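Listed here are the chains, written in short residue letters.
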Amino acid sequence: MARTSLPFAKGLPIAAKKDVVVIGGGPTGVPAALSAARAGADTMLVEQHGWVGGQINQEMPLIGFLDSNGKQIIRGLGDEIIKRLVALRASPGHIRDEHEASFTPLDSRMFNAVSFQMFKEAGVTVLLDSYFADVIMEGETIKAAVVANKSGLQAIEGKVFVDATGDADIVGRAGAPFTKGGSDGKMMALLLWMLFYNVDWERFRDALMEDPQLYDVDPDTPGISGEGMKPEYFQKTRFVNFWGFRNLVREAQKKGYKPGNWRVGVWCPGRMDQGGYASLRYETADGTNDATDGGNVSEAEMELRMMVPDAVSFIHDWLPGWRDAVLASVSPILGVQDTRIATGEYTLTEDDILTSRRFEDVIAVGGAKIDDWETYKMIYPKGNYDIPYRCLVPKGVENLLVGGRSISATRKAMMSVRAMGICTATGQAAGAAAALCAKGNISPRRLDHRRLRELLLQQGVYLGSGELDGGSGS
Ligand SMILES: Cc1cc2nc3c(=O)[nH]c(=O)nc-3n(C[C@H](O)[C@H](O)[C@H](O)COP(=O)(O)OP(=O)(O)OC[C@H]3O[C@@H](n4cnc5c(N)ncnc54)[C@H](O)[C@@H]3O)c2cc1C
């Protein structure tokens, strides 16, 4: 019988011993590491790339800082980073929007510079270009993370680990329970964003207003008020957020264009004199779109990057105002929307979000819409909702916390909590909890949430307990 696995045993060099080890440096991992270090824990951040920011590097604006009433609910470290970027003129701050509640554009290169500066100030040890591959377990306790980098395989010992990989990679490797995909096991399509300069936004906006039907100004995009997207929206805003063009894509296809398997989205999230983004979409050959499968990831990367020339020619020839648009960059990373979700001590539900359910152990307040990229239906919470600490505590493993897209939630609820503004808050909470647990030698499961909430309030986090002043909202 053909062999399907090979034994592998090797003593690994111990590269570091830390109180807290955060794996993944996205919108979750950056505040997680900062929060743990500021709380006095000897902290290491491990990131597979030579940069941090995760999906921020697709140049998308952060959603979630304000709720649908315009109240700023994400503060703490996420907001501190934005304030630093505003001071550097690398972000306009939080902008209210009829369709997103708010978005916070920023320059990902400046985000990187600011994050590294803040790591230095807080004393975080950063290990870049290092891929987390496995765990060494003792019963249900993680002894060390196994990472691969130019030095080969290394072990990093830690008292407490934070899974900020977005994909719950540590949860998966530790053998802890998780869910993945819908009832058919499928996950949402994989995406790739392209950035263009030299878009004639005035022309684009005028065209949408003149012929909303042709350009598919989208009745499925209801907006906070509950009404469909109206052409007047484009009159009011200097920031365009538009998904549509289905009619145009169909017409182009009849004429032999290959715009690709995509629903065209156009963002002008900065200002109208800045660039615009368009997104490509791909479903893997096995139909699962499973981005925790190495073969699928590689296939999607290649196929999406091969679509770029056809997509650019469609954009030049069919999108009003994009004739002379210049392709400035294609995202260096794949857009992954949904993979593993940890099964935690509590699972946040769509109902919790839509009824604004309050929890005694709230560690972050969210307000982003449930943004379903499968059905393209948006559901808006009324105001905001609580995220309990127990969603960060995975079952089946003792010294691990989860933040960001993979906290314990139903798949629908994940479609709200994954907004990057909210990820900054669950990341900060996971980091703070990890520091308390490492210093107090306790399992996250036994941490008194009141101590955590007290620390988070000291760190400037909003927990729904009254107004706090000093946000960077505009
Ligand atoms: C196409 C697309 C459009 C979106 N649009 C928006 C938007 O406009 N606004 C918004 O707020 N949200 C948006 N989202 C959602 C949002 O980007 C994600 O939910 C969010 O980035 C999740 O944050 P995270 O920190 O959990 O994971 P990520 O952003 O994925 O960060 C994870 C980090 O961990 C690192 N990592 C992963 N695995 C390993 C490993 N094994 N070893 C070492 N490092 C590892 C990664 O390199 C990365 O830096 C979008 C998502 C997609 C895919």
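Scope of this entry: the structure provided in the associated data block. Remember, predicted model here, so these are calculated numbers, not experimental data.

Comments concerning unusual backbone geometry
Here is step 1 of the chain: Phi is positive for Ala-101, which is not a glycine, with a value near 75°.
Here is step 2 of the chain: Tracing the sequence through the fold places Ala-101 in strand 5 (residues 101-104).
Here is step 3 of the chain: Classification of Ala-101 by C-beta neighbours within 10 Å gives buried; the count is 28.
Here is step 4 of the chain: With phi around 50°, Asp-129 is a residue other than glycine that occupies positive phi space.
Here is step 5 of the chain: C-beta crowding within 10 Å serves as the criterion here: with 14 such atoms nearby, Asp-129 is assigned to the partly exposed category.

Observations concerning the site of the ligand
Here is step 1 of the chain: Lining the immediate environment of the ligand, one finds 36 residues, of which Gly-24, Gly-26, Gly-54, Gly-166 and Gly-404 sit closest.
Here is step 2 of the chain: For the shell around the ligand, the element with the most residues is helix 11 (residues 420-440), which contributes three residues.
Here is step 3 of the chain: For the shell around the ligand, the class distribution of residues is 15 nonpolar, 16 polar and five charged.

Regarding the sheet that holds strand 4 (residues 95-97)
Here is step 1 of the chain: In space, the three strands of this open sheet follow the order 3-5-4, with antiparallel pairing throughout. The open sheet has two edge strands with one neighbour each: strand 3 (62-63) and strand 4.
Here is step 2 of the chain: Inspection of the sheet shows strand 4 paired to strand 5 by three bridges, in the antiparallel sense. When the bridges of strand 5 are listed, Ile-95 appears paired with Phe-103.

What counts, and where the lines are drawn
- Residues numbered from 1 in each chain as written.
- Predicted model: local features only at pLDDT ≥ 70, side-chain atom pairs only at ≥ 80, totals over all residues.
- Helix = DSSP H or I, 4+ residues; strand = E, 2+ residues; numbered from the N terminus.
- Buried ≥ 20, exposed ≤ 12 C-beta atoms within 10 Å, placed from the backbone.
- Near = placed C-beta within 6 Å.
- Nonpolar A, V, L, I, M, F, W, Y, C, P; charged D, E, K, R; others polar.
- Pairing = 2+ DSSP bridges.

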